[in-house]
Amino acid sequence: MPRKKIIVAGSGHGGLCAAILLAREGYNVTVFEEREKSELGYDWEDCIYLPEFDFAGLRPPEKMLKPFFNSSYLNPAKTVKLTDDAVSPVRLRSVDRKDLIAFLTDEAEKAGAEFRFSEKVLSAKCSGNKVAGIVTEKGEYESDLVIDAAGMFSPVRASLPAGAGILRDLPENNVIYTYRAYYRNTGILMNSPRQTTYFFHCKRPGMDWFITLDGYIDILLGGFYPLTQGDVDEALQDFENDFSFSKNDRIRGGSFNAIPLGKAIPKFVCDGYAAIGDSASMVEPMSGSGLGKCMCAGKMLADTVISAGDYELTTERLWRFEKDYFRSFGRSSFSDYTIMSMLKELKAEDIDYFFEKGILNQSVLKSKNFKGFSAWQIINVGISLAKKPHLLSALAFAGLKLSLTEKVALSFPERYKEDEFEKWLKIYNRI
Ligand SMILES: Cc1cc2nc3c(=O)[nH]c(=O)nc-3n(C[C@H](O)[C@H](O)[C@H](O)COP(=O)(O)OP(=O)(O)OC[C@H]3O[C@@H](n4cnc5c(N)ncnc54)[C@H](O)[C@@H]3O)c2cc1C
């Protein structure tokens, strides 16, 4: 019997990982990508966590991997600087995004996947609630499974029938808006840590970073609300004042983008369809692990498809992919989302208060929870926050949600049963 026909919509990282692993097993895989091959990938480097790539069996070649540096964190008033020494030089690396996507597409081609570059996917092709293929600007294609790797604004997910039970649009408040560019480094010393992360830089809700590298400077602006050119100019001016570099010396990047805020969408499979990567919001923006989570998810999806054998890829059979994802990464993704959502509600003065009173300290930034606090510290935090009841309630509310994250992740239903899923969804919606 011929192996199943798999369509990958968009050459997102998780989709490519699944494409490689399935093509190696003899599946008939076609990837539809709206851009030319040479245009793929972002114009900068990002960090990757090697064990996540090893999990998928797709570690990029050593020559592509560069060291990644730890960060210091600065409050809006720039009165407190905390240093995070958690970076593991063995496990965390920086990789050029264009090289990474070229490596993955090459591996997919070597495994036998077919690529249709410059072919934009317009929508899913549905038969009732089942996804039976895709519609592109050049025609219609049938498949046993559509892997939706077209990023956070995927037109495939947006066109699914309501009965599939999948969110068609990511919630508007589930987005971090970014600007990223490299500038020439004409002599700023590379002291450790080379990365400085600014909380609510220039009082704008969000987080920016400034990384000093050999020959260039990497600037990222991350905003909880859409960024304007005025925001970029203001931030660059402030960086110029702190580091004396020239904002006119841009050498790479310079684009506005968006990243999902985290917390994967609650249901990302239906009959004949599985969303992966940003399309399913599989990101943890605080740890920058969009790429790694995509790769692990790609391996989980490929294993699920292979385990279904010759049977139809129904919601029930694809459920294992969802379960594996939520049980492995649900806790960390829900925690990131909770912290980001709390930050979004605060003001620059509140962040200053957290830093200056030691409520936000090195161990909290490293572990993303307050577990490292001694009883005495908790009492002190309580006393400090008694004078700021709105912060106390924000923190208590976030703490309550954080205490639920593990339970919610691990209680993801073993099998797809609508009533059990509905029950789980109620708790999921609370965090
Ligand atoms: C500024 C910035 C910094 C980041 N930093 C990090 C970091 O340090 N570490 C990290 O892990 N992650 C980081 N991320 C997040 C990371 O980029 C994503 O999580 C990651 O790329 C996974 O997304 P994806 O592969 O699912 O989708 P994408 O990378 O968005 O890929 C989607 C693909 O689908 C194609 N496509 C879209 N629509 C269509 C269509 N209609 N038809 C055909 N093709 C289509 C696109 O052209 C693209 O090739 C960052 C993101 C940004 C913007």
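Here the structure is a predicted model, which is why all the values come from computation and not from measurement.

K.L.:
So, the overall build of the protein chain: which residues are in play, and what are the values?
P.N.:
The helix and strand tally for the protein chain stands at 12 helices and 19 strands. The globule rule puts the C-alpha radius of gyration for 431 residues at 22 Å, and the 22 Å found for the protein chain is close to it. For the protein chain, with 431 residues in total, the buried portion stands at 56%. Considering only contacts within the protein chain whose residues lie at least 6 apart along the sequence, 72% involve residues at least 24 apart. Carbon and sulfur atoms form 51% of the exposed surface of the protein chain, whose accessible area is close to 18600 Å².

K.L.:
Give a description of helix H6 (residues 290-307) that names residues and reports values.
P.N.:
Over its 18 residues, H6 runs 26 Å from end to end, which matches the ideal 26 Å to within 8%, given 1.5 Å per residue. Along H6, 14 of the 18 residues are buried, which leaves the element largely enclosed by surrounding structure. In the stretch just after H6, glycine 309 is the one whose phi turns positive, near 55°.

K.L.:
Before we move on, can you summarise helix H1 (residues 13-24) with the specific residues and values?
P.N.:
In this model, H1 (12 residues) spans 17 Å end to end at C-alpha, consistent with the 16 Å of a helix rising 1.5 Å per residue. Of all 12 residues making up H1, 11 are buried, and the element is well covered by its neighbours. All buried positions along H1 are accounted for by His13, Gly14, Gly15, Leu16, Cys17, Ala18, Ala19, Ile20, Leu21, Leu22 and Ala23. Buried residues along H1 sit against strand E1 (5-9), strand E2 (28-32), helix H3 (97-111), strand E8 (114-116), strand E12 (145-148) and H6. Looking one or two residues past H1, glycine 26 carries a phi angle of roughly 95°, positive in sign.

K.L.:
How would you sum up the side chain of aspartate 231? Please name residues and give values.
P.N.:
Locating aspartate 231 in the fold gives a position in helix H5 (residues 229-243). At 4.3 Å, arginine 204 is the nearest oppositely charged side chain to aspartate 231, a buried residue that forms no salt bridge. Here the side chain of aspartate 231 touches threonine 228 through a polar contact of 2.9 Å, landing on its backbone nitrogen.

K.L.:
Now, about the packing of H1 against H6: what can you tell me, with residues and values included?
P.N.:
At a closest axis distance of 7 Å, the pairing of H1 and H6 adopts a crossing angle of 35°. When the axes of H1 and H6 are compared, the crossing they make is right-handed. Contacts between H1 and H6 involve His13, Gly14, Cys17, Ala18, Leu21 and Leu22 from the first element and Leu291, Cys294, Met295, Gly298, Lys299, Leu301, Ala302, Val305 and Ile306 from the second. A class-by-class count of the residues in the contact of H1 with H6 yields 11 nonpolar, three polar and one charged.

Reading the values: rules and limits
Residues numbered from 1 in each chain as written. Predicted model: local features only at pLDDT ≥ 70, side-chain atom pairs only at ≥ 80, totals over all residues. Heavy atoms only, no water. Helix = DSSP H or I, 4+ residues; strand = E, 2+ residues; numbered from the N terminus. Rg over C-alpha atoms; globule rule 2.2 N^0.38 Å. Buried < 20%, exposed > 50% of the residue type's maximum accessible area, 1.4 Å probe, protein only. Contact = heavy atoms within 4.5 Å. Areas by Shrake-Rupley, 256 points an atom, 1.4 Å probe, with all protein chains shown as cover. Expected span 1.5 Å × (residues − 1). Lys, Arg positive; Asp, Glu negative; His and termini not counted. Salt bridge = Lys/Arg side-chain N within 4 Å of Asp/Glu carboxyl O. Polar contact = N/O pair within 3.5 Å; in protein donor to acceptor, adjacent residues only side chain to side chain. Axes fitted to C-alpha atoms, helices over the stretch in contact; angles between N-to-C directions. Left-handed = near helix turned anticlockwise from the far one by under 90°. Nonpolar A, V, L, I, M, F, W, Y, C, P; charged D, E, K, R; others polar.

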